[in-house]
Amino acid sequence: MGPIQNLEQHARRLGEPDLPMKIRLQMAVEVRDSLEIAHTSEYHNFLRCYFQSFSSVLNTTTPQLTENIEHKLRNVIVEILNRLPHSEVLRPFVHDLLHLAMQVLELDNEENALIAIRIIFDLLRNFRPNQESEVQPFLDFVSKIYQNFPSTVTHFFDNKAAPPPPSAPTASGDTSNLLDSCPPFLGSGGGGVGGGGQLVQYTGPQPLNPSTGSFKIVTESPLVVMFLFQLYNRLVQTNIPRLLPLMVAAISIPGPEMVPPHLKNQFIELKGAQVKTVSFLTYLLKSYADYIRPHEDNICKSIVNLLVTCPDSVSIRKELLVALKHVLGTDFKRGLFPLIDTLLEERVLVGTGRACIESLRPLAYSLLAEIVHHVRGDLSLAQLSRIIYLFSRNMHDSSLSLGIHTTCARLMLNLVEPIYDKGVDLPTMDEARFLLGRILDAFVGKFGTFKRTIPQLLEEGPDGRDWSTLKLKLESPIQAVLNLSSPLEHSKEVTDYKHLIKTLVMGMKTLIWSITNAHGPRQQVSPPSIAPLPHGYFKGMREDEVRKASGVLKNGVHCLALFKEKDEEREMLHHFSSILTIMEPRDLMDMFSLCLPELFDCMINNTQLLHIFSTLLQNPKVLRPFTDVLVNFLVSSKLDVLKHPDTPAAKLVLQLFRFLFVAVAKAPQDCERILQPHVPVIMEVCMKNATEVEKPLGYMQLLRTMFRALNGGKFELLLRDLINLLQPCLNMLLAMVNGPTGEDMRDLVLELCLTLPARLRFIASSSSSSYEASCFGP
């Protein structure tokens, strides 16, 4: 269609009252198709010619509630008005255009009213603040549609004889016959705005909703009201008291329990309108809290009820969750606390649709964690059990981000204290201990995952070249493979891992302490050691709990490979050590009996782990049990590695013996009986291998370490047991001095001769003289 040649003539004919409707529609379409002229210097001339004609058409035609030619004409005119550029050329026409759009909004059907509300919003936004006179009529209209909201819901969803939705008056003010003349609304697909629904028992033109009975208009209105309140603050005091009760009543309407398929679109529109209204109310919370306070409980109940009834629409549910987040940022969150049981239902929180579950869980569970955090002290053990199930499951869901895993871990750690406090008698102690064990199990399982994934993360390196392959390795669940997220920067990924690992490790101390003391009196931190515990009470961990907890040590040490900087590595080693130092001695012995072989292998590659052993050997509480376990392990299974003194394993064994003997030399009275059965074995093994192994350096160094420790402490029992070994040992050493020993070994052997822990009063005088002549002669 070619451009219009004479604008003035074309506009004059368009406004002629006797022009047939079909021709008028054709001419309006011509104007719409030629609207590029509004972006040229002819824009002012275009408005001068056509604006009056547009007004005339809208004022002389009747709003329609069915799709017909007259509706199409009005629709084209309103669409043209909506597409007008908002430049200074339009300013002289703004007042009249606003008035015209308000007429359409109040009187017309849903389709045209939706366009009109966009016109009003854009004009008020772009030509503020000189249009205040047009604001109050809009706010009055919003009050009217919320007044009509209950009857609109009834009209669509009540199968019984229900009143029709409020009819829109005609331009002349008398349109009482409009709704009566159109067929009954038996299920339109959202009117003429592309709802897609099907009419039932109706074969004529598709009916259109009046603007005052439209969920879509309700959906669009709060955003405009929010903007107007920001722009014209003085309107708040006069309009909020009127609007608030209407809006609160609107969001509290539950809607139908069962939605027929042909009304599905209308139901989605209903919930969309209610959720948009909730968003507006939560916007008012901070700035206008005094107005909202009387409605606090009703708003919170309505939010939760909407979560229950809301369809599986990602956009609607997400907006509702964002509104919930706003509530949690204020004191009004108290209204949500009594509703925690409903929020713990996953189908309520995120819906049941696959798209909702995949996209909304991170936000939903972050909000739930915040709510649980506030009410954790008031929860029952049954509620706490459900919460642990939800968050431990999510912490192991690889389709969720590490940030969500960290949130889940923190939440469960926040539950440890309230769970512990619930144990007021033996039955509740048993139940609380079981829940604490489930948290421990979740944490240990996470460390087990880290043990497998962190080496792959480190291999992949910072360049991220093989990210997709890595993701496939890390994420075994099918949904994770099907929904691979965009690759994170490697450094960000490592940081997220560190944050989660640190959260788990630091939380383990509280968790282990709570389990250890779960069956102890609650009125004091720990029962006095001198007082017997009542029947049924005990302190420490059960066998299965020790086995679980050992997984933290066995798997957790592999996580330290991520902490490459000395300060952060030292900090993490300290945290690991602090977990162990609060354990009961017998539990510590059991744990290290299970862990030592694997820890030893880890320490060969990461000698920084020796810090954990050093810390435990310096702690008086655990010195005896840890010494017992460590010396048993080294003597029974690791002395043979000294046959190859240059290997990392041999160097590690010697270092562990040094730590061990230095520690026991400072507390001989505590450790003498623990060492008593092992020191003779060490001497015999060293003496035997000194003459049989090609390079006995490792055994000689072990003897030197042991001799120095024995000479530095009061080991009466040990020295008495060594009397029978002194002469063979001295003979072996002298033979090495006189033999073909290398210079490095010669100095060491001579030092051993001088430091041999002999107490001369225990030895026969003849033997003593012989020894002295041998040791100190020329």
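Computed from a predicted model, the values in this text were never measured in an experiment.

The rules we used
Residues numbered from 1 in each chain as written. Predicted model: local features only at pLDDT ≥ 70, side-chain atom pairs only at ≥ 80, totals over all residues. Heavy atoms only, no water. Helix = DSSP H or I, 4+ residues; strand = E, 2+ residues; numbered from the N terminus. Buried < 20%, exposed > 50% of the residue type's maximum accessible area, 1.4 Å probe, protein only. Contact = heavy atoms within 4.5 Å. Areas by Shrake-Rupley, 256 points an atom, 1.4 Å probe, with all protein chains shown as cover. Salt bridge = Lys/Arg side-chain N within 4 Å of Asp/Glu carboxyl O. Polar contact = N/O pair within 3.5 Å; in protein donor to acceptor, adjacent residues only side chain to side chain. Phe/Tyr/Trp six-rings, centres within 6.5 Å; stacked < 30°, edge-to-face > 60°. Lys, Arg positive; Asp, Glu negative; His and termini not counted. Core = buried A, V, L, I, M, F, W, Y, C linked by side-chain atoms within 4.5 Å. Disulfide = S-S within 2.5 Å. Axes fitted to C-alpha atoms, helices over the stretch in contact; angles between N-to-C directions. Parallel < 35°, antiparallel > 145°, perpendicular 65-115°, else oblique. Left-handed = near helix turned anticlockwise from the far one by under 90°. Nonpolar A, V, L, I, M, F, W, Y, C, P; charged D, E, K, R; others polar. 1 Å grid on protein atoms, 1.4 Å probe; cavity = no way out; pocket = protein on both sides within 12 Å on 5 of 7 lines; lining within 4 Å. Points joined across faces, edges and corners; volume = space filled by probe spheres on them. pLDDT = per-residue confidence, 0-100. Expected span 1.5 Å × (residues − 1).

A. Structural context of the overall build of the chain. When you go through the chain residue by residue, the secondary structure sums to 36 helices and zero strands. When each of the 778 residues of the chain is scored for burial, the buried share is 53%. In the chain, the share of contacts with a sequence separation of at least 24, taken over all contacts with a separation of at least 6, comes to 75%. Split by element, the accessible area of the chain, about 34,800 Å² in all, is 52% carbon and sulfur.

B. Geometry of the pattern of salt bridges. Summed over the entire model, instances satisfying the criterion amount to 29 salt bridges. Where Arg-386 meets Asp-341, a salt bridge forms, and the shortest distance between an N and an O atom there is 3.8 Å. Remark: Asp-341 occurs in helix H16 (residues 340–343) and Arg-386 occurs in helix H19 (residues 381–395); sequence separation between them is 45 residues. Residue classification places Arg-386 among the partly exposed positions, given a relative accessible area of 30%. A salt bridge links Glu-358 to Arg-354; the shortest N-O distance between them is 2.8 Å. Separated by four residues within a single helix, Glu-358 and Arg-354 lie in helix H18 (residues 354–375), roughly one turn from each other. Accessibility expressed as a relative area gives 35% for Glu-358, which makes it partly exposed. Residue Arg-354 is classed as exposed on the basis of its relative accessible area, which comes to 54%.

C. Looking closely at the side chain of Ser-211. Tracing the chain through its elements places Ser-211 in the loop between helix H9 (178–181) and helix H10 (215–231). Among the residues examined, Ser-211 registers a relative accessible area of 0% and is labelled buried. Among the polar contacts made by the side chain of Ser-211, one reaches the main-chain carbonyl oxygen of Leu-105 at a distance of 2.6 Å. Not counting the four nearest positions on each side in its chain, Ser-211 is found in contact with Leu-105, Glu-106, Leu-107, Asp-108, Asn-109, Glu-110, Ala-113, Phe-141, Ile-145 and Ile-217.

D. Summary view of the packing of aromatic side chains. Here the structure, examined in full by the defined rule, presents 23 aromatic pairs. Geometrically, the ring pair formed by Phe-156 and Phe-157 is tilted, given 6.3 Å between the ring centres and 50° between the ring planes. Each member of the pair, Phe-156 as well as Phe-157, is classed as buried. Here a set of aromatic residues connected by ring pairs shows up, and it is made of Tyr-146, Phe-149, Phe-156, Phe-157, Phe-215 and Phe-267.

E. Geometry of the side chain of Asp-587. Residue position: Asp-587 is located in helix H27 (residues 585–605). Buried and without a salt bridge, Asp-587 has Arg-586 as its closest oppositely charged side chain, separated by 4.1 Å. Separated by 2.8 Å, the side chain of Asp-587 and the backbone nitrogen of Met-541 make a polar contact.

F. Highlighting the nonpolar core. Formed by 258 residues in total, the largest nonpolar core has its most connected members in Phe-138, Phe-443, Phe-592 and Met-700. With twelve residues, the top contributor of residues to this core is helix H21 (residues 426–460). Leave out the neighbours within four places in its chain, and Phe-138 touches Met-102, Leu-105, Ile-117, Ile-120, Val-224, Val-225 and Leu-228.

G. Fine view of the state of the cysteines. Summed over the entire model, instances satisfying the criterion amount to zero disulfides. Here Cys-602 is not cross-linked by a disulfide; its sulfur's nearest cysteine counterpart is in Cys-595, at 10.0 Å.

H. View of the packing of H21 against helix H24 (residues 490–516). Where H21 meets H24, the closest approach of the two axes is 10 Å, and the angle between their N-to-C directions is 150°. Overall, the two elements H21 and H24 adopt an arrangement that is roughly antiparallel. Pair H21 / H24 crosses with left-handed handedness. Looking at the contact of H21 with H24 residue by residue, the classes come out as 18 nonpolar, four polar and four charged.

I. Empty space enclosed by the protein, seen in detail. Per the stated rule, a full pass over the model turns up three cavities of 30 Å³ or more. Computed from the structure, the second largest cavity encloses a volume of approximately 50 Å³. Lining the second largest cavity we find Met-508, Ile-512, Ala-549, Val-552, Leu-553, Phe-576, Ile-579, Leu-580 and Met-591. Every element with two or more residues in the lining of the second largest cavity is listed here: H24, helix H25 (543–556) and helix H26 (566–581). Of the residues contributing to the lining of the second largest cavity, the split by class is nine nonpolar, no polar and no charged.

J. Spotlight on the confidence of the model for the chain. When pLDDT is averaged along the chain, the result is 84, and 84% of the positions lie at 70 or above. Across the chain, the secondary-structure element scoring lowest on mean pLDDT is H9, at 34, and the one scoring highest is helix H4 (residues 69–82), at 96. The model gives residues 167–203 a pLDDT under 50, and that stretch makes 89 contacts with residues more than four places away or in other chains.

K. Broad picture of helix H33 (residues 697–712). For H33, with 16 residues, the first-to-last C-alpha span of 23 Å sits near the 22 Å given by 1.5 Å per residue. Listed as buried for H33 are Gly-698, Tyr-699, Met-700, Gln-701, Leu-702, Leu-703, Thr-705, Met-706, Phe-707, Ala-709 and Leu-710.

L. Quick peek at the environment of Gln-52. By the secondary structure assignment, Gln-52 is in helix H3 (residues 43–60). Separated by 37 residues in the primary sequence, Gln-52 and Gly-15 have C-alpha atoms spaced 8.0 Å apart.

M. Just the environment of Asn-209, in detail. Positionally, Asn-209 belongs in the loop between H9 and H10. Asn-209 sits 100 residues away from Asn-109 along the chain, and the two C-alpha atoms are 5.6 Å apart.

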